[in-house]
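# Residue-level structural notes
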Amino acid sequence: MVAGGLALTAIAVFGVLLHSPAMVIATNGMPTTSVLTAAKENVGACQTGETLPAGTTAIRLSLEATTGPLVDVEVLEGSRIVTRGTEGTGWFGSAVTVPVPPLRRTLEHAKLCFQMRLLTGYVALSGGPSNRASAATSDGKALPGRIRVSYLRSSGRSWWSLTGAVIQNMALGRAASGTWIVFPIAALAAAAIALGSWVLIRELR
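All values reported here derive from a predicted model rather than from experimental measurement. (Residues numbered from 1 in each chain as written. Predicted model: local features only at pLDDT ≥ 70, side-chain atom pairs only at ≥ 80, totals over all residues. Heavy atoms only, no water.)

## Thoughts on the pairing of strand β7 (residues 80-87)
For clarity, the cut-off: Between any two strands, pairing holds if DSSP finds at least two bridges. Helix and strand definitions here come from DSSP, where helices need a minimum of 4 consecutive H or I residues and strands a minimum of 2 consecutive E residues; each element is numbered from the N-terminal end.
Bridge count between strand β6 (residues 70-77) and β7: 7 bridges; the pairing is antiparallel. In the sheet register, Leu76 faces β7, and the bridge partner there is Ile81. Between β6 and β7, which pair antiparallel and follow one another directly, the connecting turn spans 2 residues, one of which, Gly78, has a positive phi of 70 degrees.

Here it is, written out as structure tokens:
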């Protein structure tokens with residue numbers, strides 16, 4: 001049973017490593033210096049003047065939550081919805097990334113709207129100050145600034161292909177031959193997995 005679990009874990013990890021990580025290709029330039037509002041009930045917000053680069057496959061909103069709600073995103077050009085996406089509940093941290101169908105062209109002067117549902121606590125909307133004309137709105141009322149938004153797309157390279165770069169980054173700040181540090185780290189991780197498996201098998205006997 002333990003061996004089967006480890007095998008399934010290894011397969012899952014291998015599958016993840018075959019995927020391409022997402023990378024930020026643009027932002028709307030807003031900092032995250034202030035909390036524009038904090039919501040504890042279902043609420044939506046919109047802001048105009050967004051530019052989405054061609055190839056965008058995900059939109060990252062600066063929403064902070066301990067247990068995030070369901071987030072629906074729509075991008076409009078005029079009154080027409082160009083793309084939309086949904087991220088389910090359970091996310092956490094200072095931002096939520098919502099996948100959307102890839103954009104074939106750069107979209108300028110777009111209106112970005114999102115709706116939060118199934119809240120289980122407070123969600124903070126973070127961004128920076130702006131004039132009232134360009135500020136985000138929530139339930140028809142202007143907020144004191146704009147929400148920070150980032151636009152992402154696939155890097156086109158799998159995690160496997162980035163192994164060398166990761167090793168080099170782990171060696172930064174060390175001697176020229178500092179890449180050796182990766183091997184004891186890998187050995188310690190393997191030892192921890194082996195020890196944990198041995199303890200589990202012993203307890204199951």
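## Focus on the sheet that holds strand β8 (residues 96-99)
For clarity, the cut-off: Angles shown run from 0 to 180 degrees and are taken between the N-to-C directions of axes, each axis being a line fitted to C-alpha atoms and, for helices, limited to the stretch in contact.
Ordered by their spatial adjacency, 4 strands build an open sheet running β1-β14-β4-β8, and the pairing between neighbours is antiparallel. Lying at the two open borders of the sheet, with one neighbouring strand each, are β1 (22-27) and β8. Strand-to-strand twist of the sheet, defined as the mean angle between neighbouring strand axes without regard to direction, takes the value 30 degrees. Pairing of strand β4 (residues 58-61) with β8 involves 4 bridges; the strand directions are antiparallel. Note that in β8 the partner of Arg60 across the bridge is Thr97.

## Some remarks on the state of the cysteines
Rules: Working definition: a disulfide is two cysteine sulfur atoms within 2.5 Å of each other.
In the structure shown here, the tally under the stated rule is 1 disulfide. A sulfur-sulfur separation of 2.0 Å characterises the disulfide bridge that pairs Cys46 with Cys113. When the S-S torsion is 115 degrees, as for the bridge of Cys46 with Cys113, the disulfide is right-handed. Placement of Cys46 in strand β3 (residues 43-52) and of Cys113 in strand β9 (residues 107-117) is noted, with a sequence separation of 67 residues between them.

## Examining the confidence of the model for the protein chain
To keep it simple, the criterion reads: Note: pLDDT gives the predictor's confidence per residue, expressed from 0 to 100. Note on definitions: a residue-residue contact is assigned when non-hydrogen atoms from the two residues lie within 4.5 Å.
Taken over all residues, the pLDDT of the protein chain has a mean of 83, while the share at 70 or more is 70%. With pLDDT under 50 throughout, residues 13-18 is counted as low confidence; its partners more than four residues away or in other chains account for 7 contacts.

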